[in-house]
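Commentary on secondary and tertiary structure
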Amino acid sequence: MNNLKDKKLDLPQEWPGALHYDEQEVEAVTRVVRAQSPFRFYGLDHQREVEQLEKEFAEYIGIKYCLGVSHGTAALQVALAAMGVGPGDEVLLPGYFWVSTVSAVVRSGAIPVLVDVDRSFNMDPEDMESKITKRTKAAIMVPMGGVIGQIVKVAEICKANNILLLEDCAQSSGASQFGKMAGSFGDMAIFSFQINKNITAGEGGAIVTNSEDLYKKAFSAHDLGYTKDAEGNWDTENKEYQFWGIGCRMSEITAAIVRVQLKKIGLITSSMRNFKHDLIEIISEYKGISSRHVADPAGDSGGFLKMIFENKEMSVKFKNGLIENGIKVRQGGFYPVHMHDWGLHIYSNIPALVGKKSICGHHSVWELQENDFAKDYKYDKGTLPVLDSFVERTTLFCIASKLSDEQKALIKQAFSSTCNSLLEPK
Ligand SMILES: Cc1ncc(COP(=O)(O)O)c(C=O)c1O
């Protein structure tokens, strides 16, 4: 076997869905282009790709309604609008997310309330419960990297307190927990099909719900602010479903690609999950390193391995050790990253949140009269001590969805060498 140190392993970028593109995606795009019908509602030879994807995706998640949208960030804004979240409301969310999660809350005019995480890096139900007030309208669970946390407990707490639960499953297409799919636990869920996600069309998103009412509201908000009747005409009479629309419809080309990707989702996620488990097996033989808690490893969609150390120094040494042992960090790729450098995924790294910036240059949502209660809320480092501590002590390793046997063997070798040189065996 080659020595990885001498070789520098040139790993593929970790874009899970895109690595599995082949002639099927080409055929799907071509079908729509040949039909000269890229718009979801009509065309010269309308293929109804978005409609079909909505049916297929709803069935896959095991939920009644699905709405295709242009991207995940818009999906979050539409879902919050459908839930009636606005000024005067508080929304609970973890401090580990993507900036889009919190920006959707702020854009809705509501106040984000940060909740600490448990060992799965998801919202901690206990801390969440302690932060409920009479103004709490919604909670957002964010299963990052396809690991679902204590969602059943969170859903129970939400139900008991009349709080709407939104799942931000942008990173969790194909993840499940004891047989129940990510996106089927809350009142609504959103998905993203952007390039870093498990299945991708470059951009794209979906909203799912079992509630006809929430679906209709989301439909209205995602389009022009009105629902449509069975013939496809605007229903401008029904006051309940009148909104200001975002115009974030999914295109037929996006849907055609995502439909192909959906057929491959099992292959994509199992390849990441299986290799992640191989790496967990290696590190589990050493002291001073552990991986994030996953309640149901069979439902983990793979993607990222988080390795938690006793302190920052060790976490950084381990990351550097992997690089020294040959794992090449490609430009634009992430492979080993110390979590501290994980940018806009961490609340305290988001200047607009810490600085409570406005949406449009006038006064911010924290200065609205309805949000007067929140004028002293803080979002800087120290707000979430458990997450802060994990961020200091954790290194991430991104798992590509397509690796050759040789690449896998070389990565394992790098992990074993790094463990051997830095840690004691159990
Ligand atoms: C957790 C999370 N939420 C929301 C989004 C936003 O999705 P999109 O990039 O499709 O707008 C992303 C993706 O980057 C994400 O990771």
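Just above sits the structure.
Everything numeric in this text was worked out from a predicted model, so none of it was measured.

**Structural notes on the packing of helix α2 (residues 23–34) against helix α9 (residues 252–283)**
Interhelical geometry of α2 versus α9 gives an angle of 150° and a closest axis separation of 9 Å. Relative to α9, the element α2 lies roughly antiparallel. The handedness of the crossing between α2 and α9 is right-handed. Where α2 approaches α9, its residues Q24, E25, A28, V29, R31 and V32 are matched on the opposing element by E252, I253, A256, I257, R259 and V260.

**Some words on the pairing of strand β13 (residues 304–309)**
Counting buried positions along β13 gives six out of six residues, so the element sits mostly inside the fold. In β13, alternate side chains face the same way, and those of F304, K306 and I308 on one face and L305, M307 and F309 on the other are all buried. Relative to β13, strand β12 (residues 289–291) runs antiparallel, the two being bridged by three bridges. Residue pairing in the sheet places S291 in a bridge with M307 of β13. Pairing geometry for β13 and strand β15 (residues 394–398), over five bridges, is antiparallel.

**Let's talk about the sheet that holds strand β5 (residues 164–168)**
Within the open sheet, the seven strands sit side by side as β1-β9-β8-β5-β4-β2-β3. Their pairing is mixed. The open sheet has two free edges, formed respectively by β1 (65–69) and β3 (111–115), since each of these has just one partner strand. Neighbouring strand axes in the sheet, compared pairwise and without regard to direction, differ in orientation by 20° on average. Bridging between strand β2 (residues 90–94) and strand β4 (residues 136–141) involves three bridges; their strand directions are parallel. Paired with L92 across the two strands is A139, which belongs to β4. Helix α4 (residues 72–82) contacts β1, β4, β5, β8 (188–192) and β9 (205–209) of the sheet and is inclined by roughly 165° relative to β8.

**Looking at helix α5 (residues 99–107)**
Each α-helix winds once per 3.6 residues, and so residues spaced three or four apart point in a common direction. Counting buried positions over the nine residues of α5 gives seven, a clear majority of the element. Elements that come into contact with the buried residues of α5 comprise α4, β2, β3, β4, β5 and α11 (351–354). G109 occupies a position one or two residues after α5 and carries a positive phi of about 90°.

Each value, and the rule that gives it
- Residues numbered from 1 in each chain as written.
- Predicted model: local features only at pLDDT ≥ 70, side-chain atom pairs only at ≥ 80, totals over all residues.
- Axes fitted to C-alpha atoms, helices over the stretch in contact; angles between N-to-C directions.
- Helix = DSSP H or I, 4+ residues; strand = E, 2+ residues; numbered from the N terminus.
- Parallel < 35°, antiparallel > 145°, perpendicular 65-115°, else oblique.
- Left-handed = near helix turned anticlockwise from the far one by under 90°.
- Contact = placed C-beta atoms within 7 Å.
- Buried ≥ 20, exposed ≤ 12 C-beta atoms within 10 Å, placed from the backbone.
- Pairing = 2+ DSSP bridges.

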